[in-house]
Every structure is written in C-alpha cells, then in structure tokens.
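Residue-level structure breakdown
What follows is the residue order along each chain.
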Amino acid sequence: MTVKDEIKSLISKTTREKVEFIVETPEIRNYGDYATNIALVLAKKLKKDPIQIAEEIKFKLISFLKKGDIIEKIEIVKPGFINLFLKPDFLQKELKSILKQDNKFGSQDIGGNKNVIIDYSSPNVAKPMHVGHLRSTIIGQAIYNLYKFLGYKTIGDNHLGDWGTQFGIMIAGCKKYKPNISNLEKITTDEMLNIYVKFNREIGENPDLQEVAKQEFKKLEDGDRENREIWRILRRKSLEDFNKIYEILKIKFDFILGESFYEEHLKEEVQHALKKKVAVTNSDGSIIIPLDEFNLIPFLIQKSDGATLYGTRDLATIRERVKKFKPEKIVYVIGNEQAFYLQQFFRAAELLGYISYNKLFHIKFGLVLDENHKKLATREGRVVSAEELINKVIELAEKIIKEKNPKLPDKERERAAKIIGIGALKYNDLSQNRQTDIVFDWAKMLSFEGNSGPYLQYTYVRLASIIRKTKLTDFNPKFLKEEKEIGILKELIRFPEIVRETAENFQINNLANYLFKLANSMNSFYESLPVLKAEENIKSARLALIKAASIVLRNGLNLLGIETLDKM
Ligand code: ARG
C-alpha cells in the first residue's frame, strides 16, 4: 500500500456513504502533504454545509489516529477542503524501509500476476526502422517495465509488419533487379528500400506492373517455393538489423511473431465475422464491419479482389492473444496517425466478442521534429532512420565526455558514451508529453544541466560518489530535522504512488518529471547543507537520505529503461 492508499482508506472510514472522492498531493506545501475533497462531495450529496462536514470528518480522523500514526495535523480550508500533514516521525521511519527495500522500492503487487500484453516497436520488414518505431520501442519498453514492477505478468510482442501486398512489390522487384537469389543473402535494408522505391516508380510508368506485383503476392500466399524463400530472406535480414538496434537500446520482447504468423487465420477470420453477422458483404464483393452505432465509418476486412488487410491481421492477432493469455489489458503503442484506425479495430474486436473495449488501450504519440520544428530529415531531405539517430546521439555523447574527462580510458569512455547517449535519447522521448510531437534539440537533450537524461545520470553519480567515500553506518533518522530534509523525505515516499499513477494513465512524463524534481532537490540539498563535514549523528542520517534518494533515482531511471553509471 502506498501512503496515499493508506490515507485514502483512513478517510473512507469516516463515512458510511459511498462516494467518489480524491486524495491529491498539492503543489504548494502549505496546503498539506495530501488533501481531499471528500467533504465537498458529501456536502453536495447530502445538501449540507461542506465546512461542517469537514469538521466532522476531521473529528473522526483524529479519533482514529492513535499514537505512532501517520498524520500530524489536519486543517480545513474554504470551501471545504481537508488538508493533511504527515508526521516527521512517520517519514523518518519510512527512510529505513526505503533502504531495506533497495531495488524493490516502488514495486507493488497490485497486478496479481494478471496478463498485460504490450504491442510495441513493430517496424516494417524490408524498410529501415524509422523514428516513429523508435518512439514506440522506447515508450513500449517503459510501459512494460512499469507494469512488471507493479506485479503484472507482462507479455511484450513485437508485431512486425511482415505480411501484405507490399511484399508483392518487393518480390517482383527482387526478381527484376536481383535475379540471383543466392545474392539476396547479402541484401541490406537500404537496398531493400531502394528496390521498393524503384519498382513503385516503374509501376507509375507502366501500370501493368501492378498486376505483376499482385500475382507475386498471390503466389506468396499460395506457398510458392521461390517466393516464400525470397520473403524469408528479406524478413531475416531485416530482423537482423532490427536486433542490432534492440541490442544497443537493451530492448526485450517475449515474442516477435509479426503479422505473417496469423496468415493462415485470415480467411477464417473473415468467415467468422460473416457467420457472427458482425460483417456484411458489399455489392462489389468487399466485406466490412459496419460501425454506425459508434459514429465510425465501416471497418474493411476484405477487399473486393479477395485480399485481406492490416486490420484483418490485427483481428486475427487479437483473437489468438485473448485465447492464449486472457489479458487484463492489451496496450498498443502506435503513433497518433493510426488513432482512427484503432478506434475502428477496437470496436470491431468488441463486436466480435473477443474482448471488451475498455481493456484495449491505444497509447499514441506524436512525430519527431528537429530544432526548427520540422520533420526530422537528413541533409538530402530523406527521413532519418532510427539507426542514424542512435549513432549520432552516441557520437555526440562521446565528444562531450572526452571534453569533460579527457583522461578516461577509451573502453570506459565508449561504454559511458553508450549509456549517456542512449539515456539522453530515451529521456528526451519519455519526459515530453507523448501525445504531442517531440523535438530533437541535440544540445538540450545532451546537456548536463536542465531536464535531460545526462543531468539525472550525473546527479546519480554525485550521490553515489558521496556514499562511496564513506561507510554507511547505523543511523538515527531523527537527526533529519531541516525543512529541506523533510521535504526530500516527503518526495521519496511518493515514489510508489508516482509509479502506479504513471502506469495507470500511461503518462510516462509524470515519472520523468518527478525524477527531475527530485534531482533538483538533491542538488540544492547538498549545496546548502554539509554532509561529510556535519556532526557524526547528522552526517550518518544525511548519508542515509542520500542513499535513499539514489535508490529512487536509479529505480526510476531503470523503469524508463535508462541505465545509471557509478562514475562519469
Ligand atoms: N507495422 C505497423 C506500422 O508500422 C505498426 C503495427 C502496430 N501494431 C499493431 N498491432 N497494429 O504502421
């Protein structure tokens, strides 16, 4: 139970009425460490004076509070808010518990091992991974980590775009420009993209080629040996490239099934929808799922020429996922541009009886822009690939480290550059509101000051090095009396709440911003109060506080998928 949970349950015991009220942590400390609107809610329901109800609740709360409890003071403010202040005693005791829980601090068992499926990354085969997929990868992994920390069984599935009519073009193109299949083994993702672009251009000049591509895809579907072989090679080579990116970013999946995995279920999926009378056949032979009742346009599941679509594959996929895992939630980490599609798909899945709509989540995100708020592009105007971006951020990090610490041995510098560069990249993404477009401001994201990954990692290093210089001895938390110290303790005990809220509303920037504020507090703390030079009792208590803060910073960063260093 988080402290907020404890307070909430204490408050709910003061009334027999069933009401929805909130407990929040006011930005301004004068308004209490926690505040509730319960009196206002009750007053509205019972048509009474909120201040009077607040007085009654305060009275009951005081009678509940025994010695050693968590609340020190209760205040009522107009129009009927109740503000609660935590006891320093309680906070000091919590400090010991943080140190004891160490890397488990913040974890909870509210998930009860229930399954949560996270569909993330999901790049398209035969093309370089682009920055949109990179965002999905980074955000998806953070969601995965958060849910796991909360005691859910997380299932990460990389739903590769490895099937569809575009493979007709790829195969036709490969046959035309790379007739020798054994050569294909050496094909790079860039070459694949070139083949695709080139063949598409030729279709523009000679529309008959469209039919050729279509036939190639049909042959692929029907199991033609050569076409299957080409497809398998393209998929394998692409995956090799993707895996290099996953390795450097330390991304893990439980499954990489991809759209092709469900290929055999597609026709059956369409038949099933027709049989259930959820789908209807149009006069042109196409098959749709009408969604008028939701004010949405129909969901197309089979074209008039008999071809299935991306959405058909998503339906087949969700059906299997539900059958196999009975998930509590399925989380789709996909860009804003597919928002409308996902609304249709979620409704269709519900109509087919696979899963209820409220268990499906589209975790959407915006575009990636450059410093001038234009779509991120290379000098030649081409979109930047994920790989280029990763290489650049590591390179820049290495330059900065070299300037800051020229004596660092090469091996260590390379390792640090990776951790700091990747940390900067991930933090830049996760600290911004995901629904908006994010900006790649290289200088800002790599700065050691301000709201950046390196700043948080650097703060951690500073904390770690103070602790390393001393032995953490037995301490008495009662020696933490300064307002700054108590303030930090209050921030630290909120960590489990933040973890939970961040996971529940998928607003990962909440956790990032919490960590940023904590880092600021810690920097201002040891700039204004002596630690190593303090009197023995105070010193050991302050060291314990620093240790606890370093635990929270590290646990929080790790949830974001960001590693910490001990030296920098
Ligand atoms: N491959 C798709 C794309 O690049 C994303 C797939 C997302 N996942 C899903 N189940 N639809 O647009």
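Predicted model only: the values in this text are computed from it and were never measured.

The next point concerns the site of the ligand. Inspection of the region around the ligand gives D119, S122, N124, H133, H159, Y310, D314, Y332, I334 and Q338 as its neighbouring residues. Contacts to the ligand include S122, whose backbone N or O atom sits 2.9 Å from a nitrogen atom. Protein contacts shield 89% of the accessible area of the ligand, which totals 350 Å² for the unbound molecule. Taken together, the residues of the shell around the ligand break down into 3 nonpolar, 5 polar and 2 charged.

Let us look at the sheet that holds strand β1 (residues 23–24). Ordered in space as β1-β2-β4-β3, the 4 strands form an open sheet in which the pairing is antiparallel. The sheet is open, and its two borders are formed by β1 and β3 (71–77), each paired with just one other strand. Here β1 pairs with strand β2 (residues 34–36) via 2 bridges, running antiparallel. Paired with E24 across the two strands is A35, which belongs to β2.

In this fold, S122 is placed in the loop between β5 (115–119) and α5 (131–149). Apart from residues lying up to four places away in sequence, S122 is in contact with H133, D157, N158, H159 and L160.

Those residues of helix α2 (residues 38–46) not exposed but buried are I38, A39, L42 and A43. Each buried residue of α2 lies within a common arc of 130 degrees when the element is viewed along its axis, so the set occupies one face. Tucked into the core, α2 has its buried residues touching α1 (3–12), β2, α3 (50–64) and β4 (81–86).

Definitions and limits used
- Residues numbered from 1 in each chain as written.
- Predicted model: local features only at pLDDT ≥ 70, side-chain atom pairs only at ≥ 80, totals over all residues.
- Heavy atoms only, no water.
- Near = heavy atom within 4 Å.
- Polar contact = N/O pair within 3.5 Å; in protein donor to acceptor, adjacent residues only side chain to side chain.
- Areas by Shrake-Rupley, 256 points an atom, 1.4 Å probe, with all protein chains shown as cover.
- Nonpolar A, V, L, I, M, F, W, Y, C, P; charged D, E, K, R; others polar.
- Pairing = 2+ DSSP bridges.
- Helix = DSSP H or I, 4+ residues; strand = E, 2+ residues; numbered from the N terminus.
- Contact = heavy atoms within 4.5 Å.
- Buried < 20%, exposed > 50% of the residue type's maximum accessible area, 1.4 Å probe, protein only.
- Arc of directions from axis to C-beta.

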